[in-house]
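# An overview of the molecular structure
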Amino acid sequence: RLPFCGTIGDMVGERGDLALIVPAKDADWAARANKLKAKHWPKAEILTDAQALKRGVKGKSVVVLGSVKENRWLKEHFPDIPVKVLSGGIRLLRRRRPFTLFKEPVDWVSVAQNPEDKAQGLLIVAGAALARGLERLPGKADFVVESLGRRLKTGAYDKTRKWDVQ
């Protein structure tokens, strides 16, 4: 099978086998996962990060809720995308151009390939405000960065070889 090269819209509209992975120790993210499941992915399975680490998610599209600080599965399986998570924000990396730094508070959403199965998609939702409004995100985008409800950056990845910010 070909590697996943979809967009945010492809993941929000996913109707196949999907797992929502939430931080085990965060009831707020679990509640958000239930709302997202009801709204977008009624057949999705909700797993804690501990369950996903133990069972694996090969063969599934994945929506990960929470940041690498909150979600152990995401921390251990951070995908090969041009984003560096820092203690005070995130950095968009570019191979031949200067990077872009976004300082806290920052919420972001990004697509990627499921690190356990590159043919399946992964949607990282690192921000409660963005989790409440996935349908308002630009469907053709690969990533969105916001701070305090203000859109800072929307963009696409060059997916021809190793993913890079266009």
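As the structure is a computational prediction, the values presented were derived from the model and not from experiment. (Residues numbered from 1 in each chain as written. Predicted model: local features only at pLDDT ≥ 70, side-chain atom pairs only at ≥ 80, totals over all residues. Heavy atoms only, no water.)

## Quick word on the sheet that holds strand E10 (residues 150-155)
Selection rule: Pairing between two strands requires that DSSP report at least two bridges joining them. The helix count covers DSSP runs of H or I at least four residues long, the strand count covers runs of E at least two residues long, and both are numbered beginning at the N terminus. Whenever a helix is involved, its axis is fitted only over the stretch in contact; in every case the axis is a line through C-alpha atoms, and angles between N-to-C directions fall within 0 to 180 degrees.
Across the sheet, seven strands lie side by side as E2-E1-E3-E8-E7-E9-E10; this open sheet has mixed pairing. If you trace the sheet from one side to the other, it starts and ends with strand E2 (45-48) and E10, each paired once. Here the average twist between neighbouring strands, direction ignored, is 20°. Note that strand E7 (residues 107-114) and strand E8 (residues 117-126) share seven bridges and pair antiparallel. Bridge assignment links Gln113 to a residue of E8, and that residue is Gly121.

## Examining the pairing of strand E3 (residues 61-65)
In plain terms, the rule: To sort residues, take the accessible area from a 1.4 Å probe on protein chains only and compare it with the maximum for the residue type: under 20% means buried, over 50% means exposed, and anything in between is partly exposed.
Counting buried positions along E3 gives five out of five residues, so the element sits mostly inside the fold. Burial of E3 is two-sided: the residues Ser61, Val63 and Leu65 facing one way and the residues Val62 and Val64 facing the other way are all buried. As paired elements, strand E1 (residues 18-22) and E3 share four bridges and run parallel to each other. Opposite Leu18, over in E3, you have Ser61 as the bridge partner. Summarising the sheet, E3 and E8 pair through four bridges and their orientation is parallel. Along E8, the bridge assignment pairs Val63 with Leu123.

## Notes on a nonpolar patch on the surface
This is how the line gets drawn: A patch consists of residues whose relative accessible area exceeds 30% and which take part in no salt bridge; residues with like charges are grouped when within 9 Å of each other, and nonpolar side chains (Val, Leu, Ile, Met, Phe, Trp, Tyr) when within 5 Å. Reported accessibility uses the Shrake-Rupley method at a 1.4 Å probe radius. Residues are deemed covered only where the shown protein chains occlude them. Salt bridges are identified by distance alone: a Lys or Arg side-chain nitrogen within 4 Å of an Asp or Glu carboxyl oxygen.
A surface patch of nonpolar side chains, amounting to about 250 Å² of accessible area, comprises Leu93, Phe99 and Leu101. By the secondary structure assignment, Leu101 is in strand E6 (residues 100-103).

## A short note on the pattern of salt bridges
Across all of its chains, the model carries nine salt bridges by this definition. For the salt bridge of Glu45 with Lys60, the shortest nitrogen-to-oxygen distance reads 3.2 Å. Here Lys60 lies in the loop between helix H3 (49-55) and E3 and Glu45 lies in strand E2, a separation of 15 residues in the sequence. For Glu45, a relative accessible area of 24% gives the class partly exposed. Among the ionic pairs, Glu146 bridges to Arg151, the shortest N-O distance being 3.0 Å. Among the charged side chains, a salt-bridge network with shared partners connects Asp17, Glu45, Arg55 and Lys60.

## Some details on unusual backbone geometry
A cis amide bond links Glu104 with the next residue in sequence, Pro105, at an omega value of -5°. Relative to the elements of secondary structure, Pro105 occurs in the loop between E6 and E7.

## Notes on the pairing of E8
Each regular strand shows side chains that alternate between the opposite faces of the sheet. Within E8, eight of the 10 residues are buried, which leaves the element mostly enclosed by the surrounding structure. With antiparallel pairing between neighbouring strands as the criterion, E7 and E8 make up a hairpin whose turn holds two residues.

## Section: the side chain of Asn71
Operational definition: Pairs of N or O atoms within 3.5 Å make up the polar contacts considered here, provided that, within protein, one atom can donate a hydrogen while the other can accept it, and that residues adjacent in sequence are counted only when both atoms are side-chain atoms.
Tracing the backbone shows Asn71 in the loop between E3 and helix H4 (72-76). Using a relative accessible area of 0% as the deciding quantity, one classes Asn71 as buried. Engagement of the side chain of Asn71 in a polar contact is seen with the backbone oxygen of Ile21, the distance being 3.3 Å.

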